[in-house]
Amino acid sequence: MKQHTRKKNQLNQTWYDAGYAHGITFVHQEATYEDLAAIAREKAIPAHWDIFRAEVLNRFLTDPTFDFPAYSKGFGQACEQIFNSLTQKENIMD
């Protein structure tokens, strides 16, 4: 039982890390300030981003270990950290 739980946690961390890496790439290549604000509020890929969520799910469709909640949480964490750093810089400049 503990072995199964440990393996599941390792897989979740792997998918979290993959989502985090995608979040960093997304911020640098695609995201607008409004995108980052929406993701920061949700702390994950927003539920109403149907097309984006479908693209992520489609990318990993053949992998039975894919854990969308872990991936989405990692993605959200990366975006939230960058959004927070941007908003802190804005507050300093005011």
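Residues numbered from 1 in each chain as written. Predicted model: local features only at pLDDT ≥ 70, side-chain atom pairs only at ≥ 80, totals over all residues. Heavy atoms only, no water.

Undergrad: Explain the overall build of the protein chain to me, please; I cannot follow it from the model alone.
TA: When its secondary structure is counted, the protein chain shows four helices and zero strands. Along the protein chain, from the amino end to the carboxyl end, the secondary structure elements read α-α-α-α. In the protein chain, which comprises 94 residues, the share counted as buried stands at 36%. Considering only contacts in the protein chain between residues 6 or more positions apart, those separated by 24 or more positions represent 71%. Entry remark: accessible area of the protein chain is about 6,500 Å², with carbon and sulfur atoms responsible for 55%. (Helix = DSSP H or I, 4+ residues; strand = E, 2+ residues; numbered from the N terminus. Buried < 20%, exposed > 50% of the residue type's maximum accessible area, 1.4 Å probe, protein only. Contact = heavy atoms within 4.5 Å. Areas by Shrake-Rupley, 256 points an atom, 1.4 Å probe, with all protein chains shown as cover.)

Undergrad: Any chance you could explain the environment of W49 here in plain terms?
TA: Along the chain, W49 falls in the loop between α2 (33-42) and α3 (50-59). Between the alpha carbons of W49 and A38 there is a distance of 10.0 Å; along the sequence they are 11 residues apart. In this structure W49 touches F26, D35, A38 and I39, once residues within four positions along its chain are discounted.

Undergrad: Quick question: what am I supposed to make of the environment of R59 here?
TA: Along the chain, R59 turns up in helix α3. Filtering out sequence-adjacent residues up to four positions away, R59 remains in contact with H22 and Y71.

Undergrad: Would you mind showing me how to read the pattern of salt bridges here?
TA: A pair can form between side chains of opposite charge whenever their charged atoms are brought close. Overall, the coordinates contain one salt bridge when judged by the stated rule. We note a salt bridge from E80 to K43, for which the minimum N-O separation is 2.6 Å. Placement of E80 in helix α4 (residues 68-93) and of K43 in the loop between α2 and α3 is noted, with a sequence separation of 37 residues between them. Take E80: its relative accessible area is 13%, and that puts it in the buried class. (Salt bridge = Lys/Arg side-chain N within 4 Å of Asp/Glu carboxyl O.)

Undergrad: What should I look at first to understand unusual backbone geometry in this one?
TA: Phi at K43 is positive, roughly 60°, even though this residue is not glycine. Residue K43 is classed as partly exposed on the basis of its relative accessible area, which comes to 48%.

Undergrad: Just to check I follow, could you spell out the side chain of H22 for this structure?
TA: Structurally, H22 is set in helix α1 (residues 2-29). Ignoring anything within four residues of it in the chain, the contact list for H22 reads F52, V56, R59, Y71 and F75.

Undergrad: It is not clear to me how the packing of aromatic side chains should be interpreted in this structure. Could you clarify?
TA: Considering all chains together, one arrives at 13 aromatic pairs under this definition. With a centroid separation of 5.0 Å and 75° between ring planes, the pair formed by W15 and F60 is classed as edge-to-face. In this pair, W15 sits in helix α1 while F60 sits in the loop between α3 and α4, placing the two residues 45 residues apart along the sequence. Classification of F60 by relative accessible area gives buried; the value is 18%. Three or more aromatic residues link up through ring pairs in this structure, and these residues are W15, F60, F66, F68 and Y71. (Phe/Tyr/Trp six-rings, centres within 6.5 Å; stacked < 30°, edge-to-face > 60°.)

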